[in-house]
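Residue-level structure breakdown
Listed here are the chains, written in short residue letters.
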Amino acid sequence: MASTIRQTPYAEWLQAPEEDIIHIINGEVWHDPSGRFTEMRRTVAAYYPEPVRLRRIAHWCRYFSGMGTYALKRALLRGDTFYATTRFATALRLGVQLAFLLDRRYAPYDKWLMAHFPRLPRLYAPLHGIVEEAAALTTPWDRKLALLDRMADVLDETMVADGVIRPHPRFTGTETSGYRLLEHAYAELIQAVPEEIKTVVPQWDQVYLEQFHSRYVDGLDLAHWDAILGLTPEGAPE
């Protein structure tokens, strides 16, 4: 079984729910006389193959920004509190899950996410204050959005420091689209991952929202994509 897992195509890794992987690697093994489950568990606990991790990072960047902070900004501009609430919650959860990916830790399902969050070796420290303040019901909407944008900066800086994406100038967003920083990373990562997984969407309920999108972005010049996002390098002429 372990050898099967080692040979699993990247696409199949991407289709395995992260929450289910947690069930394989957590807890005690009381009886495994053949050793097959223990070997499989050791293989899975070694974490995702790097192309799989990068494709997942790309997806989370796209959704944190495109279906999170961008959508939240638009909802606030039109006074749509219901949609603002759902988009804010989505972005906050995705930002924390992205921190797990960058720290190479499997994320549990939502109920246990905050219990596992302090175990992150690097990103808990810079992010936990942001998450706590953003989640507080007394935090006003504009501040919530600003905190999510700060979270994006932390995650982006970590990706650059880790060599996940290349160094880039600081960007500014727009008054109408907000700060779509992590979609810059999304495009760079999509263009870098193996062809076989460019359009494999890790979350089954989001396939229809990204499968075409990833192929479209894969064919764009990165500077052109930044312009579409409204990201302007600081100091660039207007």
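As the structure is a computational prediction, the values presented were derived from the model and not from experiment.

So, how was this worked out
- Residues numbered from 1 in each chain as written.
- Predicted model: local features only at pLDDT ≥ 70, side-chain atom pairs only at ≥ 80, totals over all residues.
- Heavy atoms only, no water.
- Salt bridge = Lys/Arg side-chain N within 4 Å of Asp/Glu carboxyl O.
- Buried < 20%, exposed > 50% of the residue type's maximum accessible area, 1.4 Å probe, protein only.
- Helix = DSSP H or I, 4+ residues; strand = E, 2+ residues; numbered from the N terminus.
- Polar contact = N/O pair within 3.5 Å; in protein donor to acceptor, adjacent residues only side chain to side chain.
- Contact = heavy atoms within 4.5 Å.
- Axes fitted to C-alpha atoms, helices over the stretch in contact; angles between N-to-C directions.
- Parallel < 35°, antiparallel > 145°, perpendicular 65-115°, else oblique.
- Left-handed = near helix turned anticlockwise from the far one by under 90°.
- Nonpolar A, V, L, I, M, F, W, Y, C, P; charged D, E, K, R; others polar.

Description of the pattern of salt bridges
Scanning all chains against the criterion turns up 13 salt bridges. Close ionic contact of Arg78 with Asp80 constitutes a salt bridge, the shortest N to O distance being 3.8 Å. On the basis of relative accessibility, which here comes to 26%, the residue Asp80 falls in the partly exposed class. We note a salt bridge from Lys198 to Asp218, for which the minimum N-O separation is 3.1 Å.

Observations regarding the side chain of Glu183
As for its position among the elements, Glu183 is in helix H10 (residues 182-192). Look at Glu183 and you get buried, because its relative accessible area is 0%. Within the structure, Glu183 has its side chain in polar contact with the side chain of Arg62 (distance 3.2 Å). Of note is the side chain of Glu183, whose polar atom sits 2.9 Å from the side chain of Ser65. Beyond its immediate stretch of four places on either side in the chain, Glu183 contacts Cys61, Arg62, Ser65, Gly66, Trp225 and Leu229.

Considering the packing of helix H6 (residues 81-102) against helix H9 (residues 141-162)
Two numbers describe a pair of packed helices, the interaxial angle and the distance between the axes. Two numbers describe how H6 lies on H9: the axes approach to 11 Å, and their chain directions differ by 25 degrees. One way to sum up the angle between H6 and H9 is to call them roughly parallel. You can see that H6 and H9 cross each other, and the crossing is left-handed. Note on element contacts: H9 touches H6 through Trp141, Lys144, Leu148, Met151, Leu155, Thr158, Met159 and Asp162, opposite Thr81, Ala84, Thr85, Phe88, Ala91, Leu92, Gly95, Val96, Leu98, Ala99 and Leu102. Partitioned by chemical class, the residues of the contact of H6 with H9 number 13 nonpolar, four polar and two charged.

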